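Take a look at the letters that make up each chain.
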Amino acid sequence: MEIEIQLTPDPIAEKISPPPSLGGQGAWLEFRGVVRGEENGGNISALEYEAYPEMATREIRRILESLGTKFPCLAAKVIHRVGVIPVGDTAIYVGVASPHRGEAIALLAEFMDRLKQDVPIWKRRAIVGGTDSVGRVTPCAPVQDRLPTRSGQGTARPTLKSLDEALVEIRSHCRPLPAVHTPLADAFGRVLRETVCAPSDLPDGDRSTRDGYAILQNDASGIFQVVDTLHAADWKPRRLKPGETVRVATGAALPCENLCVVMQEHVERDGDIIRITKQETALNLRKRGEDVRAGQPLVPAGVRLDAGRLALLASGGCTQPAVSPRPRIIHFTTGDEIVPPDRTPKPGQVRDSNSILVHGLLQKFPCSVVQAHLPEDFGAAKQLVLTFHRQPSTFDLLLISGGASVGDKDFTRPLLEWLGFEIIFSQVNVRPGRPLIFGVNGSQAAFGLPGNPLSHFVCFHLFVAAALAKLTGAEPEKFRRGRLAAKLNDPPCPRETLWSARREPAGLHPLAWASSGDVTCLRETNALIRVPANRGPMESGAEVDFLPTD
Ligand code: AMP
Ligand code: MG
């Protein structure tokens, strides 16, 4: 992988091109970490970064080289600005080229993780104050000297992220929850956190696949004497001589090596004597270790346990696998126009469909979910939240439906800040679903989701699922390549669009929707087509990226 690293006191350029040596091949994924106007709950005007330049450069290279062996990427460019960096300026730029976007996203997310942990670059201080006429910072006091405020009313500049940037932020801020050992019957759908290896050969010896007669391979005798009978549970080792045979049942362990089994349909038996009437074309046995050898992986870490994988663990004697715990999720709906679905809405009211939508979407992830509706009054909402959130350890993921925008009554952001969440971003440049808040508070993550059900559906599959994958130690669902089975007639849009589609063997059928308030397309949707910004209509047969949602 081609690697370029710069540590610089100068502003990072607005536009950075991939290395010319790539000749335009592959996807070029870019991430920019911009200094936000807020630190520890207070407003700031700049951050000062310091570094041990040589060590930092060496360490960044080492990390990229090791990640390059895991995710096959073509090139990576890292530019980290050091010194005083005003709010709104880029502190770090990372560009990654890879054959497919998925590898670059995965590399970027892990790189950002490792950068924070392992590279000697640190925030020296946060600066409160203004900038002079030429944009230089005129510092007042380091923000750490002031008491952090908890009143945050969303005064900081909204941070708009591209889809890819948002995914990198989510994956680098969420941490896998510590694994737990759990009985197999409770492990369905959970993510295995340790590779489980076969404790012994499977099968543990040569076993017959037929009801019949075991004889020595290459024994040309015409007739055979039956010297023993073996059922499936029998274990009676013995040597066989030419002309001897053992009656065996399907699944029975053969008494010694180098045997084959003649099907009972292919012999004539008279007392203890058999005569072969038809030659076999197969050995009719499962060889010792032919399924898996002792010590070889049975089920690798990181996979979701389905029925087949659980059966494999059981056959290997692993009855308490280390798996992800069930994330504890709290989901609040908001909005005084929302009424329960069993109530007839008055004019201006809307039935709550997001609760059951989120509940259904979470079925794929074994978790515990508590759902409630928050009152309109911010003070009353805080009181209700406190009844669910007495200690910091009562949930792992908080989802709030609606109120994620900047309207008078939209209190999701202040509520999260009041709970101590650091807001990582508050908008994503995608359609539907632009007002999306993501925040972290220690090991807890939170999303403020736009209220419209279609936005909800899209944001869940794109972002909440990515967080849940990281929390549970699973591989995130990746975009796949597919073809349109019909024209996608969308005028150019400056935002990336996730277009609901029905995926069929013939390809992807774009479904009709006019706004994020539309719900009927959810009846058919099993995929989201990724339409690049400013793309315009796409003809039937066009190759597209899509995310399966079924
Ligand atoms: P908001 O994101 O709070 O501005 O909500 C935008 C729109 O989403 C509202 O006008 C509602 O029509 C809709 N909405 C919000 N919450 C829900 C919900 N729980 N169920 C169905 N629709 C909702
Ligand atoms: Mg609302």
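Predicted model, so just to flag it, every value in this text is computed and none were measured.

> Please explain the overall build of the chain as it appears in this structure.
Check the secondary structure of the chain and you find eight helices and 38 strands. Against the compact-globule benchmark of 24 Å for 550 residues, the chain has a radius of gyration of 31 Å, which places it well outside the compact range. Dimensions of the chain, computed from the C-alpha atoms along their principal axes, are close to 105 × 65 × 55 Å. Every one of the 550 residues in the chain was classed for burial, and the buried ones make up 49%. The long-range fraction of contacts in the chain, counting pairs at least 24 apart against all pairs at least 6 apart in sequence, stands at 71%.

> Where do I start with the domain arrangement of the chain in this structure?
Many descriptions give the size of an interface as the accessible area lost when the pieces come together. Domain boundaries in the chain define domain 1 (2-125), domain 2 (160-177 + 325-472), domain 3 (180-201 + 292-323), domain 4 (207-286) and domain 5 (480-548). Of note, the centres of domain 3 and domain 4, computed from C-alpha atoms alone, are 35 Å apart.

> Even after reading the chapter, I still don't get the nonpolar core, so can you show me in this structure?
Grouped together as the largest cluster of nonpolar side chains are 77 residues, with contacts concentrated most on F111, F447 and F463. With twelve residues, the single largest contributor to this core is helix α8 (residues 453-472). When neighbours within four sequence positions are excluded, F463 is seen to be in contact with L163, A166, L167, I170, V428, L436 and F447. Formed by 18 residues, the second largest nonpolar core is a distinct cluster that contains V385, A404, L416 and I437.

> Got a minute to help me understand the sheet that holds strand β17 (residues 244-248) in this structure?
Within a beta sheet, neighbouring strands are joined by backbone hydrogen bonds and run either parallel or antiparallel to one another. Taking strand neighbours across the sheet as the criterion, the six strands line up as β18-β15-β17-β16-β20-β19 in an open arrangement whose pairing is mixed. For this open sheet the edge positions go to β18 (259-263) and β19 (267-270), each flanked by a neighbour on one side alone. The average undirected angle you get between the axes of adjacent strands in this sheet is 40°. Pairing of β19 with strand β20 (residues 273-276), which is carried by four bridges, proceeds in the antiparallel orientation. Counted as the bridge partner of R269 is I274 from β20.

> In this structure, what is going on with the pattern of salt bridges? I would like to understand it.
Side chains that differ in charge, positive against negative, can pair when their charged atoms come close. Counted by the stated rule, this structure contains 36 salt bridges. Taking the shortest distance from any N to any O, the salt bridge between K236 and D228 comes out at 3.2 Å. Looking at K236, the relative accessible area reads 34%, which means it is partly exposed. Three or more residues are tied together by salt bridges with common partners; here these are R101, D164, E496 and R530.

> When you look at helix α1 (residues 53-70) in this model, what are you seeing that I'm missing?
An α-helix turns once every 3.6 residues. As a result, residues three or four positions apart point the same way. Look at α1: 26 Å from first C-alpha to last across 18 residues, which is about the 26 Å you get at 1.5 Å a residue. Every buried residue belonging to α1 is among A56, E59, I60, I63, L64, L67 and G68, and all of these are buried.

> Please clarify how the site of ligand 1 should be interpreted in this entry.
Residues in contact with ligand 1 amount to 14 residues; listed here are only the nearest, D352, S353, N354, G403 and G451. Contacts to ligand 1 include G451, whose backbone N or O atom sits 2.8 Å from an oxygen atom. At 3.1 Å, a backbone N or O of N452 approaches an oxygen atom of ligand 1. Taking 490 Å² as the accessible area of ligand 1 by itself, protein coverage stands at 77%. Broken down by class, the residue content of the shell around ligand 1 amounts to four nonpolar, seven polar and three charged.

Thresholds, definitions, all that
Residues numbered from 1 in each chain as written. Chains lettered and ligands numbered in written order. Predicted model: local features only at pLDDT ≥ 70, side-chain atom pairs only at ≥ 80, totals over all residues. Heavy atoms only, no water. Helix = DSSP H or I, 4+ residues; strand = E, 2+ residues; numbered from the N terminus. Rg over C-alpha atoms; globule rule 2.2 N^0.38 Å. Buried < 20%, exposed > 50% of the residue type's maximum accessible area, 1.4 Å probe, protein only. Contact = heavy atoms within 4.5 Å. Domains from an automatic or database assignment. Core = buried A, V, L, I, M, F, W, Y, C linked by side-chain atoms within 4.5 Å. Pairing = 2+ DSSP bridges. Axes fitted to C-alpha atoms, helices over the stretch in contact; angles between N-to-C directions. Salt bridge = Lys/Arg side-chain N within 4 Å of Asp/Glu carboxyl O. Expected span 1.5 Å × (residues − 1). Near = heavy atom within 4 Å. Polar contact = N/O pair within 3.5 Å; in protein donor to acceptor, adjacent residues only side chain to side chain. Areas by Shrake-Rupley, 256 points an atom, 1.4 Å probe, with all protein chains shown as cover. Nonpolar A, V, L, I, M, F, W, Y, C, P; charged D, E, K, R; others polar.

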